Amino acid sequence: MPDMNALLTSCLILSCLLLCSETVPIGMDKTKVKLPEETVEETPQSVDTGLHYDRYLREVIDYLEKDQHFREKLHNTDMEDIKQGKLAKELDFVSHHVRTKLDELKRQEVSRLRTLIKAKQDMEEGNGMAVDHQALLKQFEYLNHMNPHTFEVDDLDRLIKSATSDLENFDKERHEEFKRYEMTKEHERREHLKTLDEEARHREEEHYEEMRKKHADHPKVNHPGSQDQLKEVWEDKDGLDPDDFDPKTFFNLHDSNGDGYFDEQELEALFTKELEKIYDPTNEEDDMVEMEEERLRMREHVMNEVDANKDRLVSLDEFLVATKKKEFLEPDSWETLEQNQAYTEEEMGEFETHLAQQEEELSMKAEHLQKQRDELERQQEQLNAQKLELQQAVEHMENIKKTQSVEPPGGEEDNAIPLAQDQGHPLPPGHAELPPHQAIPQQELPQHGVPQDLHPGPPGHHQLQQGLPQDLHPGPPSHHQLQHGLPQDLHPGPPGHNQLPQAGGHLEQTGHLLPQGEQHQPQEHNAIP
């Protein structure tokens, strides 16, 4: 909030200077007048407050100060009234053009915040973390997100209060961050020593002490904000005689934006000379992070001593009053960071315990993740094996189909029984071929019938060497045809018979195979009709 007040005040003064500079005497050559250009070049730049809504804050202030009514109220309102929200009520009297622009700024900021919160929420959910919705909504406190379209009095009041509170806590958070930095650095140094042998550890300790002594060996550091400290700036930076030091002139020289106040950044710029006595970026023993912490300590000290109304700004009156105090004329010596350790040994012990717990938790998580990885790899191996088996089964089935499509339907060609001229039936499976010496000559066959159990041999039997009648069916594949003739209607017997029996029987002239004394039964013995 002090930064906001400073920015508003500076813009007001700047506007007045611009109006005055544009009034050029009539008798002056206007072509040689360059005051407006020089004034534009000296326009103060808005200082980054470090807040996550800093840009929104500065843009709102920039547009509000363009309204004459609001600018006048701001000039006549003290810091306490601003903090209590009295200034926010003046928004109702701001011009329509400014209000329209503020509405647009708010819509853009709400959209930006929603995008950031959505990204943060997705990231936390992706990492398996529970989303803290209250913490996310807290980021909207500096505006009324229930009304994302228009900028109202409540929005300005929220913005002022949030900026004031956040800026007051900003320095505290910076100190805590620096303390963690220092403890982390010391913890890493101690852990490194544990990895060394006794001789190397001794050399490392000696080097550490040597660097500490070298860092502490620097010129005297003046008390920040004291007469001695300001006179050095007066002499070295301003090039003026220390005996001619004048507090009011010094204030005007270093009020860089001309707003009549020293803000935090303008104060910190005054300490650069003192910090250069302690820190050199080219030296191994000097840590630039510590230099910025030292700068913060000096600025806080001056604010506490000089800023009477605690608005985080030093007015000319407050500065002049401070130059008359004993602390300004006869200050105590200033203790630097090496004389004031940022942490205690008790805090260091708690910090290391916390680190050990975090390392243990991380180790357990890493072990759990490794087990999950091993399990996933095992399951992947099983899937790969199953996939391979399936591919092999498919290939095997395809090979079987190819083999079946190549083989003849009845078996091997070399085992097929050639058909007789009268196309007799083949022998049934399982019958052996008749050897050539057992072949039945046609003239020896009976003329009147064959016993009922006369059947041709199964597959594998030797063929009859004599010709068969034309209507005798050939034997099955792989059997030789009968070489000796049989009547045309003689059919082969059922499976299981090895040869034609020699029992008395005759083939009638009609071609039927008859046993001695009775008619053959076709339905029981598969006789040849």
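Since the structure is predicted, the reported quantities are computational estimates derived from the model, not experimental observations.

Asker: So what exactly am I meant to see when it comes to the overall build of the protein here?
Answerer: Helices and strands together make up the secondary structure of the protein, namely 18 helices and four strands. Residue burial in the protein is summarised as follows: out of 529 residues, 37% are buried. The long-range share in the protein, meaning contacts at least 24 apart out of those at least 6 apart in sequence, stands at 70%. Summed over its atoms, the accessible surface of the protein is roughly 32400 Å², and 50% of this surface lies on carbon and sulfur atoms.

Asker: Sorry if this is basic, but what is going on with the pattern of salt bridges here?
Answerer: The full count for this structure, using the stated rule, is 33 salt bridges. Arg299 is paired through a salt bridge with Asp171; the nearest N and O atoms lie 2.8 Å apart. Taken together, the positions of Arg299 in helix 14 (residues 288-306) and Asp171 in helix 8 (residues 153-194) put the pair 128 residues apart, joining distant regions of the chain. The residues Arg299 and Asp171 share a single accessibility class, namely buried. A salt bridge links Glu186 to Arg189; the nearest nitrogen and oxygen atoms lie 3.0 Å apart. Taken as a pair, Glu186 and Arg189 lie in helix 8 at a separation of three residues, close to a single helical turn. Under the relative-accessibility criterion, Glu186 is labelled buried at 10%.

Asker: Just checking my understanding: could you explain the layout of surface pockets for this structure?
Answerer: Leftover empty space is mapped by rolling, across the atoms, a probe with the size of a water molecule. The computed volume of the largest pocket comes to approximately 840 Å³. Taken together, 23 residues form the lining of the largest pocket, with Glu182, Lys185, Tyr208, Arg212 and Glu290 sitting closest to its centre. Elements represented by at least two residues in the lining of the largest pocket include exactly helix 8 and helix 9 (198-216). Residues of the lining of the largest pocket, tallied by class, amount to seven nonpolar, four polar and twelve charged.

Asker: For this particular structure, what's the right way to read the environment of Asp228?
Answerer: Among the secondary structure elements, Asp228 is positioned in helix 10 (residues 227-236). A sequence separation of 102 residues divides Asp228 from Glu330, and the C-alpha atoms of the two residues are 8.9 Å apart.

Asker: Mind showing me how you'd approach the packing of helix 3 (residues 54-64) against helix 8 here?
Answerer: Between two packed helices, the angle of one axis relative to the other and the distance separating the axes together describe the packing. Close contact between helix 3 and helix 8 brings their axes to 12 Å; oriented N to C, the two are set at 125°. One finds that helix 3 runs oblique with respect to helix 8. With respect to the hand of their crossing, helix 3 and helix 8 are arranged in left-handed fashion. Touching Tyr56, Leu57, Val60 and Leu64 of helix 3 are Leu156, Leu159 and Ala163, all from helix 8.

Asker: Honestly, the packing of aromatic side chains in this entry has me stumped. Any pointers?
Answerer: For any pair of aromatic rings, geometry is given as the distance between the ring centres together with the angle between the planes. A complete count under the given rule lists nine aromatic pairs for this structure. Arranged with centres 5.7 Å apart and planes meeting at 55°, the rings of Tyr56 and Tyr142 form a pair that is tilted. You can see Tyr56 sitting in helix 3 and its partner Tyr142 sitting in the loop between helix 7 (133-138) and helix 8, a full 86 residues away along the chain. Among the residues examined, Tyr56 registers a relative accessible area of 2% and is labelled buried. Among the residues examined, Tyr142 registers a relative accessible area of 2% and is labelled buried. Grouped by ring-pair contacts, the aromatic residues Trp234, Phe245, Phe250, Phe251, Phe262 and Phe319 constitute a single cluster. Positioned above the aromatic ring of Tyr63, the side-chain terminus of Lys66 is 4.3 Å from the ring centre. The aromatic ring of Tyr208 is capped on one face by Arg189, whose charged end is 4.0 Å from the ring centroid.

Asker: What is the right way to read the nonpolar core from this model?
Answerer: In a soluble, globular protein the nonpolar side chains are often hidden away together inside. Formed by 29 residues in total, the largest nonpolar core has its most connected members in Tyr56, Val60, Leu64, Leu102 and Leu156. Element by element, the count of residues in this core is highest for helix 6 (residues 96-126), at six residues. Ranked by size, the runner-up nonpolar core spans 26 residues in total, among them Leu270, Leu275, Ile278 and Phe319.

Asker: How should the side chain of Glu264 be read in this particular structure?
Answerer: Looking at the element boundaries, Glu264 is found in helix 12 (residues 264-269). The exposure class assigned to Glu264 is buried, which follows from its relative accessible area of 6%. Separated by 3.4 Å, the side chains of Glu264 and Arg299 make a polar contact. Side-chain polar atoms of Glu264 contact the side chain of Arg312, separated by 2.5 Å.

Asker: What should I look at first to understand the side chain of Glu274 in this one?
Answerer: One can find Glu274 in helix 13 (residues 272-278). A distance of 3.1 Å separates the side chain of Glu274 from the side chain of Lys277, its partner in a polar contact.

Asker: Would you explain the confidence of the model for the protein in this entry?
Answerer: In low-pLDDT regions, the fine details of the predicted coordinates are not to be read closely. Residues of the protein with pLDDT of at least 70 account for 65%, and the chain-wide mean is 74. Per-residue pLDDT, averaged within each element of the protein, yields its smallest value for strand 3 (residues 506-507) (39) and its largest for helix 11 (residues 247-254) (94). Below pLDDT 50 for its whole length, residues 495-529 participates in 107 contacts with residues either more than four positions away or in separate chains.

Asker: How should I be thinking about the packing of helix 10 against helix 11 in this particular structure?
Answerer: Direction vectors running N to C along helix 10 and helix 11 enclose 60°, while the axes themselves pass 11 Å from each other. The pairing of helix 10 with helix 11 is recorded here as oblique in orientation. When you trace helix 10 past helix 11, the crossing you get is left-handed. For the pair helix 10 and helix 11, the contacting residues are Leu230, Val233 and Trp234 in the first and Thr249, Phe250, Leu253 and His254 in the second. Broken down by class, the residue content of the contact of helix 10 with helix 11 amounts to five nonpolar, two polar and no charged.

What counts, and where the lines are drawn
Residues numbered from 1 in each chain as written. Predicted model: local features only at pLDDT ≥ 70, side-chain atom pairs only at ≥ 80, totals over all residues. Heavy atoms only, no water. Helix = DSSP H or I, 4+ residues; strand = E, 2+ residues; numbered from the N terminus. Buried < 20%, exposed > 50% of the residue type's maximum accessible area, 1.4 Å probe, protein only. Contact = heavy atoms within 4.5 Å. Areas by Shrake-Rupley, 256 points an atom, 1.4 Å probe, with all protein chains shown as cover. Salt bridge = Lys/Arg side-chain N within 4 Å of Asp/Glu carboxyl O. 1 Å grid on protein atoms, 1.4 Å probe; cavity = no way out; pocket = protein on both sides within 12 Å on 5 of 7 lines; lining within 4 Å. Points joined across faces, edges and corners; volume = space filled by probe spheres on them. Nonpolar A, V, L, I, M, F, W, Y, C, P; charged D, E, K, R; others polar. Axes fitted to C-alpha atoms, helices over the stretch in contact; angles between N-to-C directions. Parallel < 35°, antiparallel > 145°, perpendicular 65-115°, else oblique. Left-handed = near helix turned anticlockwise from the far one by under 90°. Phe/Tyr/Trp six-rings, centres within 6.5 Å; stacked < 30°, edge-to-face > 60°. Lys NZ or Arg CZ within 6 Å of the ring centre and 35° of its normal. Core = buried A, V, L, I, M, F, W, Y, C linked by side-chain atoms within 4.5 Å. Polar contact = N/O pair within 3.5 Å; in protein donor to acceptor, adjacent residues only side chain to side chain. pLDDT = per-residue confidence, 0-100.

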